[in-house]
Amino acid sequence: MNRTEFEKFIEESFGVSAEYPFEKYPNFAVFRHAGSKKWFAVVMTIPKSKLGIAESGDIDIVNLKCEQGLLCSLWQEKGFFPAYHMNKGHWISASLGDGTDADFLRYLTDISFELTLSKKKK
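How each quantity is defined
Residues numbered from 1 in each chain as written. Predicted model: local features only at pLDDT ≥ 70, side-chain atom pairs only at ≥ 80, totals over all residues. Heavy atoms only, no water. Pairing = 2+ DSSP bridges. Helix = DSSP H or I, 4+ residues; strand = E, 2+ residues; numbered from the N terminus. Axes fitted to C-alpha atoms, helices over the stretch in contact; angles between N-to-C directions. Contact = heavy atoms within 4.5 Å. 1 Å grid on protein atoms, 1.4 Å probe; cavity = no way out; pocket = protein on both sides within 12 Å on 5 of 7 lines; lining within 4 Å. Points joined across faces, edges and corners; volume = space filled by probe spheres on them. Nonpolar A, V, L, I, M, F, W, Y, C, P; charged D, E, K, R; others polar. Core = buried A, V, L, I, M, F, W, Y, C linked by side-chain atoms within 4.5 Å. Buried < 20%, exposed > 50% of the residue type's maximum accessible area, 1.4 Å probe, protein only. Polar contact = N/O pair within 3.5 Å; in protein donor to acceptor, adjacent residues only side chain to side chain.

> How do you make sense of the sheet that holds strand E5 (residues 91-95) when you look at a structure like this?
Backbone-to-backbone hydrogen bonds join strands into a sheet, with any given pair of strands oriented parallel or antiparallel. Across the sheet, which stays open at both edges, the 5 strands sit in the order E1-E2-E3-E5-E4 with antiparallel pairing between neighbours. Where the open sheet ends on each side, the last strands, each with one partner, are strand E1 (29-32) and strand E4 (80-82). Each adjacent strand pair in this sheet contributes to an overall mean axis angle of 25 degrees, direction not counted. Here E1 pairs with strand E2 (residues 39-47) via 4 bridges, running antiparallel. For Phe31, the partnering residue across the bridge sits in E2 and is Ala41. In the packing of helix H3 (residues 102-115) onto the sheet, contacts are made with E2, strand E3 (58-65), E4 and E5, and the angle to E3 comes to roughly 45 degrees.

Below, the structure is given as structure tokens:
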């Protein structure tokens with residue numbers, strides 16, 4: 001699933017559009033919950049070197065909130081990295097493209113959406 005397909009999936013599945021809050025990084029797309037404005041996905045194009053990839057060039061990634069128990073096992077999978085520029089204990093970076101399984105990416109996005117919902121007050 002490439003960046004365009006992923007962003008379309010989010011818009012159609014969650015009813016939110018990308019926001020571009022960073023003037024310095026105009027291609028960084030943030031997806032938020034409509035009510036709470038909490039982020040559940042951040043799509044970016046960054047240099048591969050920022051993820052420890054020895055190749056030159058850029059890569060499209062998405063940062064998703066993840067259950068802590070999944071993080072270490074995901075880091076062992078192709079296309080997954082400790083979160084770029086976010087808390088590595090709660091977020092994961094996933095490559096968009098590069099053969100990352102589209103259904104699994106959708107599943108992780110659903111998890112991120114649920115994990116970032118506002119907690120109900122007791």
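> Is there a simple way to explain the layout of surface pockets in this structure?
Empty pockets left among the atoms are what a rolling probe the size of a water molecule brings to light. Of the volumes computed, that of the largest pocket is approximately 160 Å³. A total of 3 residues in the lining of the largest pocket trace back to one element, the largest contributor, which is E2. Of the residues belonging to the lining of the largest pocket, the class tally is 8 nonpolar, 2 polar and no charged.

> Quick question: what am I supposed to make of the nonpolar core here?
One broad trend across soluble globular proteins is that nonpolar side chains are buried collectively. Membership of the largest hydrophobic core comes to 25 residues, with the highest contact counts inside it found for Phe6, Ile10, Phe31, Phe40, Val62, Leu64 and Leu105. What Leu105 contacts, discounting residues up to four positions off in sequence, is Met1, Phe6, Val62, Leu64, Ala94, Ser95, Leu96 and Thr100. In this structure, Phe28, Val42, Ile61 and Tyr84 belong to the second largest nonpolar core, which totals 10 residues.

> Is there a simple way to think about the side chain of Arg3 in this case?
In this fold, Arg3 is placed in helix H1 (residues 3-14). Among the polar contacts made by the side chain of Arg3, one reaches the side chain of Thr45 at a distance of 2.9 Å. If we ignore the near neighbours within four places in the chain, the residues touching Arg3 are Asn27, Phe28, Ala29, Val43, Met44, Thr45, Asp60 and Leu96.

> In this structure, what is going on with the pairing of E2? I would like to understand it.
As a general feature of sheets, a regular strand has side chains that alternate between the two faces. Counted along the chain from E1 to the antiparallel partner E2, the turn is 6 residues long, and its residue Lys37 has a positive phi close to 70 degrees. As paired elements, E2 and E3 share 7 bridges and run antiparallel to each other. The partner of Pro47 across the bridge, within E3, is Asp58.

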